[in-house]
Amino acid sequence: MKGDSTSSPTAELTVVVPTFNESGNVEVLIERLDATLSGETWRVIFVDDDSPDGTGALVKSIAARDDRVQCLRRTGRRGLAGAVIEGILASASPFVAVIDGDLQHDETLLPAMLQTLRSDRADLVVGTRFATREGISLGLSPIRKLGSRAATWAARRVLRAEISDPVSGFFMVRRDLVERVAPKLSHQGFKILFDIVASQASPPRIAEIPYAFAERVSGASKLDSRVVIDYAGLLVAKLAGDIVAPRTVIFLGVAGVGVAANLAVLGLANTWDAAFLPAQAAGALIVLFGAFAIDTTFTRRSLDLRALGRALPLALMGLLANLSVADLVWHRGGVWWLAGLAGAAVGAFWTYVSRER
């Protein structure tokens, strides 16, 4: 590995690599970048989400002897989109590439991408998996292939730009294109390319280069149900012209399901002539613990008792607000569904306000 390259502040290209538990791939990726970008002035920024497997420490040890390598360690927050945004904004290079740390993207395309931007033929160059029939065949399971194509279909309905793979995680862009829309970008989810394109005032000039998505060598995929939900929220937010944030869209959807579940339990109790307030409390508690179970099970995250302990006091205050408003409306009107709806809505609003603080 060369250590006498042009120092990072004058690098024409910065490669941003978001990582979480990719220690087995770091050295291989740097060696590949060194080989494919020979003769170019470049640097690489690994944006690591405090990986427990020591990814960040490994990158820093390499950076100590190679000034082209940098580690940007993030604590207390995770997510590919946010990591990419922070990596791009930390760069001073005119051109920035984004590539995964799992070795599934074809880094040999980087010189061609750079030449396309350098010659001003495009503002954005996308490594596309869909320009050829074989492009996506290697690295994804049948379910993930279907999901990727569905995500791409949805994204193309929203964008005004012609692009075959708007959810690709492998692309190179003029840094100023990202800088000017950075405040609009969502830090949740995986689909940062879609967000960058959708947030532009006018469609950028886009070039595409096909590649075959390779099989993962080391580590594990970070795709889970939370990512899918975040992407759905981002799509709706963009369709709505960014008048609501993606996280607000997601919360409204979840809150709607919770209110409906609360009313369903209350309605069932009403058919049994149960007392109103205990029935409302039962419905609210079922929704509360059901939401927590989904968050830790459906999204495949481990049970975090400390997080539960921190959230419990605020959740109980929301429950009390729910019951207080529901009881008030019940005694004034005697309409069970209206009282239940009022209480559940207040409880949901409290949850939103307390989480957004």
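Everything here concerns the structure above.
The structure presented is a predicted model; accordingly, all values stated were derived computationally and were not measured.

(A) Looking closely at the pairing of strand β3 (residues 69-73). Note that strand β2 (residues 42-48) and β3 share five bridges and pair parallel. Within β3, the position partnered with F46 by the bridge is C71. Read as a crossover between parallel neighbours, the route from β2 over helix α2 (residues 55-63) to β3 is right-handed.

(B) Structural view of a nonpolar patch on the surface. A grouping of W337, L338 and L341 is seen on the molecular surface, where their side chains present a nonpolar patch of about 280 Å² in accessible area. Tracing the sequence through the fold places W337 in helix α12 (residues 336-356). Owing to a relative accessible area of 47%, W337 belongs among the partly exposed residues under this scheme.

(C) Region of interest: the pairing of β2. Of all seven residues in β2, seven are buried; the element is thus mostly enclosed. Relative to β2, strand β1 (residues 13-19) runs parallel, the two being bridged by seven bridges. Directly across from V16, in β2, lies its bridge partner I45.

(D) Region of interest: the pattern of salt bridges. Considering all chains together, one arrives at 14 salt bridges under this definition. A salt bridge links R118 to E12; its shortest N-O distance comes to 2.7 Å. Taken together, the residues span a long stretch of sequence, with R118 in helix α4 (residues 110-118) and E12 in the segment before β1 at a distance of 106 residues. Among the ionic pairs, R118 bridges to E40, the shortest N-O distance being 2.7 Å. With R118 in helix α4 and E40 in the loop between α1 (26-36) and β2, this pair connects stretches of sequence that are 78 residues apart. Exposure remark for R118: the relative accessible area of 34% places this residue in the partly exposed category.

(E) Region of interest: the packing of aromatic side chains. The tally for this structure, following the rule as stated, stands at two aromatic pairs. Ring centres of F170 and Y211 lie 5.4 Å apart, and the angle between their planes is 85°; on these two criteria the pair is classed as edge-to-face. Here the residue F170 occupies a position in the loop between α5 (142-158) and β6 (171-174), and Y211 occupies one in the loop between β7 (206-210) and α8 (225-239), the gap between them amounting to 41 residues. Residue F170 shares its accessibility class with Y211, and that shared class is buried. With a centroid separation of 4.7 Å and 10° between ring planes, the pair formed by F276 and W330 is classed as stacked.

(F) Highlighting the environment of Q200. Structurally, Q200 can be placed in the loop between α7 (192-198) and β7. Relative accessible area serves as the criterion here: at 4%, Q200 is assigned to the buried category. In this structure, the C-alpha to C-alpha distance between Q200 and V178, residues 22 residues apart in sequence, is 8.9 Å.

(G) Expanded view of the sheet that holds β7. Read across the open sheet, the seven strands follow the order β3-β2-β1-β4-β6-β5-β7; overall the sheet is mixed. Where the open sheet ends on each side, the last strands, each with one partner, are β3 and β7. With direction set aside, neighbouring strand axes in the sheet form an average angle of 20°. Note that β1 and strand β4 (residues 95-98) share four bridges and pair parallel. Bridge assignment links T14 to a residue of β4, and that residue is V96. In the packing of helix α3 (residues 80-89) onto the sheet, the strands contacted are β1, β2, β3 and β4, and the crossing angle to β1 comes to about 155°.

(H) Seen up close, the packing of α1 against α2. Two elements in contact, α1 and α2, have axes whose closest approach is 10 Å; the angle formed by their N-to-C orientations is 40°. Taken together, the axes of α1 and α2 are oblique relative to one another. Facing V26, E27 and I30 of α1, the residues of α2 in contact are T55, L58, V59 and I62. Here the contact of α1 with α2 is composed, by residue class, of five nonpolar, one polar and one charged.

(I) Structural view of the nonpolar core. Counting residues in each nonpolar core, the largest one holds 30 residues, and the members touching the most others are L13, V15, L33, V44, F46, L110 and M172. Apart from the residues within four sequence positions on either side, L13 is in contact with L37, T41, W42, R43, S93, F95, V96, A97, L114 and M172. Core analysis: the next-biggest nonpolar cluster, separate from the first, contains 24 residues, V16, V173, L177 and L185 among them.

(J) α2, seen in detail. For α2, every residue scored as buried is listed here: T55, G56, V59 and I62. Taken around the axis of α2, the buried residues stretch over an arc of 125°, which confines them to a single face. Where α2 is buried, its residues meet β1, α1, β2 and β3.

(K) Structural view of the side chain of T128. Locating T128 in the fold gives a position in strand β5 (residues 124-128). According to the relative accessible area criterion, T128 is buried, its value standing at 0%. Each residue touching T128, except ones within four places of it in the same chain, is listed here: S164, D165, E208, I209, P210 and Y211.

Conventions and cut-offs
- Counting from 1, residues in each chain are numbered in the order their sequence is written.
- pLDDT decides what is reported in this predicted model: residues at 70 or higher carry local features, side-chain atom pairs at 80 or more are listed and counted, and totals for whole chains, interfaces and linings draw on all residues regardless.
- Just so you know, side-chain values use all the structure's heavy atoms and leave hydrogens and water out.
- A strand pair is defined by DSSP finding two or more bridges across the two strands.
- Helix numbers and strand numbers start at the N terminus; a helix is a DSSP run of H or I with at least 4 residues, a strand a run of E with at least 2.
- Here is how to tell: hold the view so the strands point away, follow the path from the first strand over the helix to the second, and if it runs clockwise the crossover is right-handed.
- Patch criteria: residues need more than 30% relative accessible area and no salt bridge. Like-charged residues are merged within 9 Å; nonpolar side chains of Val, Leu, Ile, Met, Phe, Trp and Tyr are merged within 5 Å.
- Here the open area of atoms and residues is found with the Shrake-Rupley method and a 1.4 Å probe, where only the protein chains shown may cover a residue.
- Whenever a carboxyl oxygen of Asp or Glu lies within 4 Å of a side-chain nitrogen of Lys or Arg, that contact is scored as a salt bridge.
- Only protein chains enter the accessibility calculation, which uses a 1.4 Å probe; a residue whose area is less than 20% of its type maximum is buried, one above 50% is exposed, and one in between is partly exposed.
- Note on aromatic contacts: the rings of Phe and Tyr and the six-membered ring of Trp form a pair at centre separations within 6.5 Å, being stacked when their planes are under 30 degrees apart, edge-to-face when over 60 apart, and tilted otherwise.
- Every axis corresponds to a line fitted to the C-alpha atoms, with the helix fit spanning only the stretch in contact, and the corresponding angles, defined between N-to-C directions, vary from 0 to 180 degrees.
- Whether two residues are in contact is decided by their heavy atoms: any pair within 4.5 Å suffices.
- For classification purposes, an angle smaller than 35 degrees is called roughly parallel, one larger than 145 roughly antiparallel, one from 65 to 115 roughly perpendicular, and anything else oblique.
- Note on residue categories: nonpolar means Ala, Val, Leu, Ile, Met, Phe, Trp, Tyr, Cys or Pro, charged means Asp, Glu, Lys or Arg, and polar means any other residue, Gly included.
- Among buried residues, the Ala, Val, Leu, Ile, Met, Phe, Trp, Tyr and Cys ones that are joined through side-chain atoms within 4.5 Å form a nonpolar core.
- When we speak of the arc, we mean the arc of directions from the helix axis to the C-beta atoms.

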